[in-house]
Amino acid sequence: QGPKSSDISSREKRLRKTIEPTDANLKTLMYARGDDKEPLQESVDLLKGMICEFIRSMIQDALKIAPRDNHVNLSHIKYALRKDRPKAFVAEKRYTHYKELEKERRKATKFTF
């Protein structure tokens, strides 16, 4: 069966280190989506909080089915998003795009002599 709720709590505590998006990245994202070039700091903070809460929630859901070694992978994220097909589709699309960019970046940085 799945891990006990007390196990999940201790696992979550070990995953408290989060990578927060930078204000500069969020401002650029907001501007790209139609906001002012310099959005209010309160708006940036609100968006940052929403993003972090969404990621935390998604990771907590994924941890409920992840093996006991605390490694969450793409299949766990897909499972956590299973009820929200649009988000699952976008997540898969972004991940695939990210992998393609990484592959191209590696090709571009290889030096041939």
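Everything here concerns the structure above.
What you see is a predicted model; the values in this text were computed from it and never measured. (Residues numbered from 1 in each chain as written. Predicted model: local features only at pLDDT ≥ 70, side-chain atom pairs only at ≥ 80, totals over all residues. Heavy atoms only, no water.)

(A) Structural view of the packing of helix H2 (residues 23-32) against helix H3 (residues 41-63). Interhelical geometry of H2 versus H3 gives an angle of 100° and a closest axis separation of 10 Å. Viewed along their axes, H2 and H3 adopt a mutual orientation that is roughly perpendicular. In contact with Asp23, Leu26, Lys27 and Met30 of H2, H3 contributes Gln41, Ser43, Val44, Leu47, Lys48 and Ile51. Its residues assigned to classes, the contact of H2 with H3 comprises five nonpolar, two polar and three charged. (Axes fitted to C-alpha atoms, helices over the stretch in contact; angles between N-to-C directions. Helix = DSSP H or I, 4+ residues; strand = E, 2+ residues; numbered from the N terminus. Parallel < 35°, antiparallel > 145°, perpendicular 65-115°, else oblique. Contact = heavy atoms within 4.5 Å. Nonpolar A, V, L, I, M, F, W, Y, C, P; charged D, E, K, R; others polar.)

(B) Local environment of a positive patch on the surface. Together, Lys99, Lys103, Arg106 and Lys110 make up a region of like positive charge exposed at the surface. Residue placement: Lys103 occurs in helix H5 (residues 85-109). (Patch = residues over 30% accessible without salt bridge, like charges linked within 9 Å, V, L, I, M, F, W, Y side chains within 5 Å. Areas by Shrake-Rupley, 256 points an atom, 1.4 Å probe, with all protein chains shown as cover. Salt bridge = Lys/Arg side-chain N within 4 Å of Asp/Glu carboxyl O. Lys, Arg positive; Asp, Glu negative; His and termini not counted. Charge placed at Lys NZ, Arg CZ, Asp CG, Glu CD.)

(C) Fine view of the nonpolar core. Listed in full, the five residues of the largest apolar core are Met58, Ala62, Ile77, Ala80 and Leu81. For this core, the elements supplying multiple residues, two or more each, are H3 and helix H4 (74-80). Apart from residues lying up to four places away in sequence, Leu81 is in contact with Phe54, Met58, Lys87, Ala88 and Ala91. (Core = buried A, V, L, I, M, F, W, Y, C linked by side-chain atoms within 4.5 Å. Buried < 20%, exposed > 50% of the residue type's maximum accessible area, 1.4 Å probe, protein only.)

(D) View of the pattern of salt bridges. A complete count under the given rule lists eight salt bridges for this structure. Salt-bridge contacts for Glu92 lead to Lys78; the nearest nitrogen and oxygen are separated by 3.2 Å. Of this pair, Glu92 sits in helix H5 while Lys78 sits in helix H4; the two residues are 14 residues apart in sequence, bridging distant segments of the chain. With a relative accessible area of 29%, Glu92 lands in the partly exposed category. Lys78 sits in the partly exposed class, given a relative accessible area of 43%.

(E) Focus on the packing of aromatic side chains. What the rule picks out here adds up to zero aromatic pairs. In this structure, Arg82 packs its charged tip against the face of Tyr79, placed 4.1 Å from the ring centre. (Phe/Tyr/Trp six-rings, centres within 6.5 Å; stacked < 30°, edge-to-face > 60°. Lys NZ or Arg CZ within 6 Å of the ring centre and 35° of its normal.)

(F) Region of the structure containing the environment of Pro21. Note that Pro21 resides in the loop between helix H1 (5-14) and H2. In this structure the C-alpha to C-alpha distance between Pro21 and Gly49, which are 28 residues apart in sequence, comes to 9.8 Å.

(G) Broad picture of empty space enclosed by the protein. Per the stated rule, a full pass over the model turns up one cavity of 30 Å³ or more. Leu74, Ile77, Lys78, Leu81, Ala88, Ala91 and Glu92 together form the lining of the largest cavity. Secondary structure elements with two or more residues in the lining of the largest cavity: H4 and H5. Split into classes, the residues belonging to the lining of the largest cavity amount to five nonpolar, no polar and two charged. (1 Å grid on protein atoms, 1.4 Å probe; cavity = no way out; pocket = protein on both sides within 12 Å on 5 of 7 lines; lining within 4 Å. Points joined across faces, edges and corners; volume = space filled by probe spheres on them.)

Keep in mind these values describe shape, not function.
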